[in-house]
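Spelled out, the chains give:
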Amino acid sequence: DNMGETLIRWAKQTADRPKLTQARAALEKALAIRQEVAREAPEKPLFRAGVLNTRANIANVDATLSEWDSKYTRAATLFGEAADLIQQTYSIHIKQYARPDRLLQAVELLRSSAAGYRKSGQATMARAQLEHALKLLHDNSAQFDAKIYDTVVREVTHDYDAIQL
């Protein structure tokens, strides 16, 4: 999983399709292992979170590939799915320790989803994704450093205000 996540970030920074394909292959292998582990220990919520996290990373890869292929509605849908999966992992983690980085990752995926909807001419859907991101931030504001919270809220609000209905 760590290798897959690293390859995703690297591929996105350099717009490297082969690296992104390599990331997907690594994540598929990780998913098979995580599913087996979760099956053998169904009472362990963190093992389920591992499956969700890997599925989120795969959705992120597929969304990015769709975005690069100018399939913006598909990309938006997949980025949204990835954000939902990340939020599910957060609800598991919060019982043991807060992971505001997971919330920020979900917000970034929702912003990417909104961008996809915006590029496909679906302004209402784009705004809905950003409203979701703002609600996620607001509902979990105590988890963030004040400066980080203010900056991210400002960025998401700017994205929202830029969308014309």
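Our structure is the block above this text.
Because the structure is a prediction, the values reported are computed rather than measured.

Draft legend 1. Layout of the overall build of the chain. Scanning the chain from N- to C-terminus turns up seven helices and zero strands. Listing every helix and strand of the chain by position from the N terminus yields α-α-α-α-α-α-α. Scaling as 2.2 N^0.38, a compact globule of 165 residues should have a C-alpha radius of gyration of about 15 Å, and the chain matches this with 16 Å. Structurally, the chain occupies a C-alpha span of about 50 × 40 × 25 Å along its principal axes. Burial analysis of the chain (165 residues in total) assigns 44% to the buried set. Long-range contacts, defined as pairs at least 24 residues apart, comprise 61% of the intrachain contacts of the chain with a sequence gap of at least 6. When the 23 positive and 21 negative side-chain charges of the chain are each reduced to one mean point, those points stand 2 Å apart.

Draft legend 2. Looking closely at the layout of surface pockets. Its volume calculated, the largest pocket comes out at about 300 Å³. Breaking the lining of the largest pocket down by element, the ones donating at least two residues are helix 1 (2-14), helix 3 (45-68) and helix 5 (100-119). The biggest single contributor to the lining of the largest pocket is helix 1, with five residues. Counted by class, the lining of the largest pocket contains two nonpolar, five polar and four charged residues.

Draft legend 3. Broad picture of the side chain of Ser66. Secondary-structure assignment places Ser66 in helix 3. When near neighbours in sequence (up to four residues on either side) are disregarded, Ser66 contacts Lys71, Arg74, Ala75 and Leu78.

Draft legend 4. Seen up close, the environment of Asp69. Looking at the element boundaries, Asp69 is found in the loop between helix 3 and helix 4 (72-93). Considered as a pair, Asp69 and Gly80 are eleven residues apart in the sequence and their alpha carbons are 18 Å apart.

Draft legend 5. Quick look at the pattern of salt bridges. Per the counting criterion, the structure on display carries eight salt bridges. Between Arg24 and Glu28 there is a salt bridge, with the nearest N and O atoms lying 2.4 Å from each other. Of the two residues, Arg24 and Glu28 are both situated in helix 2 (residues 17-40); the distance of four residues between them amounts to about one turn of the helix. Among the residues examined, Glu28 registers a relative accessible area of 35% and is labelled partly exposed. Between Glu155 and Arg111 there is a salt bridge, and its shortest N-O distance comes to 3.3 Å. A residue pair is termed long-range when its members are at least 10 positions apart, and Glu155 in helix 7 (residues 146-161) and Arg111 in helix 5 qualify at 44 residues. Salt bridges linked by common partners bring Glu108, Arg111, Glu155 and Asp159 together as one network.

Draft legend 6. Geometry of helix 1. Helix length check: helix 1, at 13 residues, gives a terminal C-alpha distance of 18 Å against a target of 18 Å (1.5 Å per residue), a fit within 8%. Considered for burial, the residues of helix 1 that qualify are Gly4, Glu5, Leu7, Ile8 and Ala11. Burial along helix 1 is one-sided: seen end-on, the buried residues are contained in an arc of 160°. Residues of helix 1 that are exposed and point more than 90 degrees away from the buried face comprise Asn2, Met3 and Gln13. Elements in contact with the buried residues of helix 1: helix 2 and helix 3. The first or second residue beyond helix 1 is Ala15, which carries a positive phi of 50°.

About the thresholds
- Every residue gets a number counted from 1 within its own chain, in the order that chain's sequence is written.
- Reporting in this predicted model follows two pLDDT cut-offs: at least 70 for local features of residues, and 80 or more for side-chain atom pairs to be given and counted; totals over whole chains, interfaces and linings ignore these cut-offs and use all residues.
- To get the side-chain values, all heavy atoms of the structure are used, and hydrogens and water are removed first.
- The way it works is that DSSP assigns letters per residue, a run of H or I at least four long becomes a helix, a run of E at least two long becomes a strand, and they are numbered from the N terminus.
- Two things to know: the radius of gyration comes from C-alpha atoms, and the globule rule equals 2.2 Å times the number of residues to the power 0.38.
- Note on classification: 1.4 Å probe, protein chains only; a residue is buried when its accessible area is under 20% of the maximum for its type, exposed when over 50%, partly exposed between these limits.
- Residues are treated as being in contact if the distance between any of their heavy atoms lies within 4.5 Å.
- His is not counted, nor are the chain ends, whereas Lys and Arg count as positive and Asp and Glu as negative.
- In plain terms, the charge of a residue is placed at NZ if it is Lys, CZ if Arg, CG if Asp and CD if Glu.
- Definitions used throughout: a 1 Å grid over protein atoms alone; a cavity as a set of points that fits a 1.4 Å probe which cannot get out; a pocket as an open set with protein on both sides within 12 Å along at least five of seven lines; a lining residue as one with an atom within 4 Å of a point.
- Grid points are joined across faces, edges and corners, and a volume is the space filled by probe spheres set on the points.
- Throughout this entry, Asp, Glu, Lys and Arg are counted as charged residues, while Ala, Val, Leu, Ile, Met, Phe, Trp, Tyr, Cys and Pro are counted as nonpolar. The remaining residues, Gly among them, count as polar.
- By salt bridge we mean one thing: a side-chain nitrogen of Lys or Arg within 4 Å of a carboxyl oxygen of Asp or Glu.
- One less than the number of residues in a helix, times 1.5 Å, gives the span that helix is expected to have.
- Relevant arc is that of directions from the helix axis to the C-beta atoms, nothing else.

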